[in-house]
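Below, each chain spelled out in residue letters.
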Amino acid sequence: MDSSEQRRKRKRIFRPSSPTAFLPYSLKYFFSVRSLVLCFSFLIFLFLLSYQIPFGSSVFRPVLVVSSLSLLSSSSDLSSSSASFQDFGSFLLPLQIEGRVLFPDHVLLLVKKNTLLGKSTELECVYARNRSVEGDIVVKEKAFSVDDYGDENGMLVRCPLPPANYSAVVNLKKFRGNGVVDMEAENGILKSNQTVNSWENVAYAATLDGNTAVVFVKGLNLRPQRESDPSQFSCHFGLGSLEKDGRFALRTNAISAAQEVVRCSLPLSIRKSPEKARGIRITIGMLPHIHAKAHEHVLLPSVAKISDLKSEAIRKNIGNVKYDLCVCTMVWNQASALREWITYHSWLGVERWFIYDNNSDDRIKDVIEDLEAENYNVTRHVWPWIKTQEAGFSHCALRAKQECNWVSFMDVDEYFYFPYSTPGHQSFRSTGYAGQDSLRSLVANLSSSSPTIAEIRTTCHSFGPSGLNSSPSQGITVGYTCRLKSPERHKSIIRPDALDTTLLNVVHHFYLRKGFRYLNLPQSTAVINHYKYQVWDVFRAKFFRRVATYVADWQKNQNEGSRDRAPGLGTEAVEPPNWPLQFCEVWDTGLRDFVLSNFADLITGLLPWEKSSF
């Protein structure tokens, strides 16, 4: 065979059978090798991401850990390949810590969560060892609580205080099996604020109110129950990336200042488009001393981002329809008392409930969700700021202003009660007895009788343990029937649109704008039964958790003669002699009889809150 014939055979052998085969053989070989190199590089990249990188710092730094098991369980219906992709996606898009606040008993993390995590995510707090000490590089503790906060992407995580010689600035880490994958900013994966703010000195919440911003702040040390000079303060707004390096783009002067609340006008650019203010950080500037010049304002640390409560109401399809009567309260571990309190007052006419949860850990969220499912129109609002009841009530007044004509501020151990008919009742109630919706009718009648009435004050009677040693099975309204003879203070129902711009309040009542007045209800018309001194096991919890800002804790030797303290109890949670018979001067079974007559099942005799417990 000659050479020309051999060349023809070689051409037939290498003739392309498909369009891609037109590539030269050396080029195809190149792509094959390149693919292997890329695959191998990708595997190395995954290995490096999964490697535990030790770290240390001289700063106090707990770290968040995300359980991969809970991540996968939130999408159990996906295939294993898609679940793996989701796990990898959350790895590349970690939780972002936007703020940290150091409290006396925990560290609070404000987190922008990754939506891939789902609601079932369990988090752990990881604390880095300081370099100068011996011991494990990191230690982990389960988070006290994880809650949604603010907008749909906000989350709060409460971590235990770190062990001695371990850090406190929180960075994100992801938990995988027995390993911890480092996700610190130094590795190029996450850049986050590394500041830990002291609870004693920080702006912690903010909201819009018309053309103003209302900022809630610790560290001003303003005198209680008094309006302060607003010229000492200013508001500073951070826009976009300008807040990342600590600078704030816009400034306005304060309009009012009182206790922990500062109100400022909005910058003109935001006033024209208020939606621009949502989610931006804000802080307060203050004069370091009384003779300082205006430009010498010192900015307080801040974790506060502006929310728009009016927009929240619109999103809930409230629109312009307002409820006649709402209730706002702040609670800590009151899950067992909530159902009786809401069931009873809903019968009296309360249409809307705002429950400000102050770090409860007794499954109160589940109770509220059950009540919502039963159409009680109750919502839980996470309020993690300890000893801020006055500020919390100011915040709730702004929220209720969008939805309610009248709002009652009361505690879950306080019950409105209408004594039996007397001639004096007729001016407040058309019927001679307290029927269903009586409280709402009373408020409506007073509101229509005089447009200047903006606060209704009701006297409180304080009840004692009434001879009991354990919590009454039928509820507190039936079980406690003995009280002090003389009433103590009062509680208020207010018109939120008539409040003073300072939002100044003393928990029990608010300051009103000029032109509005309050009305004291006669005791023959209505009173509040305050079940203040219950059985010892219930009462003892109050020693360790007071929510009012300007009320001394019982452990502290301050204001021992105040009505906010238990007379003769002292400063230690030790049961006094004969506690069951303390605070018992008058036997009063009026509300007990009323409840049994109107709420008990005719067949079983059970009360609605008893049925739920069964």
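Before any of the text, the structure's been laid out above.
These numbers come from a predicted model, not from an experiment.

A. Structural view of the nonpolar core. In this structure, L338 and W341 are the most contacted members of the largest nonpolar core, which totals 51 residues. When residues no more than four places from it in sequence are discounted, the contact partners of W341 are V327, T329, W353, I355, M410, D411, V412, E414 and Y415. Within the second largest apolar cluster, 41 residues are counted, among which are L108, W385, L398 and L512.

B. The arrangement of the state of the cysteines in detail. If you walk through the whole model with that rule in mind, you get five disulfides. Two residues, C235 and C264, share a disulfide whose sulfurs are 2.1 Å apart. Linking C235 and C264, the disulfide has an S-S dihedral of approximately 80 degrees and is accordingly described as right-handed. Here C235 is found in strand β14 (residues 233-237), whereas its partner C264 is found in strand β16 (residues 261-265), with 29 residues between them in sequence. Ordering the disulfide-forming cysteines of the protein chain by sequence position, one finds them joined as 1-2, 3-4, 5-8, 6-7, 9-10.

C. Looking closely at helix α13 (residues 590-599). Among the residues of α13, G590, L591, F594, V595 and F599 are the ones counted as buried. In an axial view of α13, the angular spread of the buried residues amounts to 125 degrees, which keeps them on one side of the axis.

D. Just the pairing of strand β4 (residues 123-128), in detail. Counting buried residues in β4 gives five out of six residues, a clear majority hidden from the surface. By the bridge criterion, five bridges tie β4 to strand β5 (residues 138-142) in an arrangement that is antiparallel. The residue of β5 that forms the bridge with E124 is K142.

Cut-offs used in this document
- Residues numbered from 1 in each chain as written.
- Predicted model: local features only at pLDDT ≥ 70, side-chain atom pairs only at ≥ 80, totals over all residues.
- Heavy atoms only, no water.
- Core = buried A, V, L, I, M, F, W, Y, C linked by side-chain atoms within 4.5 Å.
- Buried < 20%, exposed > 50% of the residue type's maximum accessible area, 1.4 Å probe, protein only.
- Contact = heavy atoms within 4.5 Å.
- Disulfide = S-S within 2.5 Å.
- Helix = DSSP H or I, 4+ residues; strand = E, 2+ residues; numbered from the N terminus.
- Arc of directions from axis to C-beta.
- Pairing = 2+ DSSP bridges.

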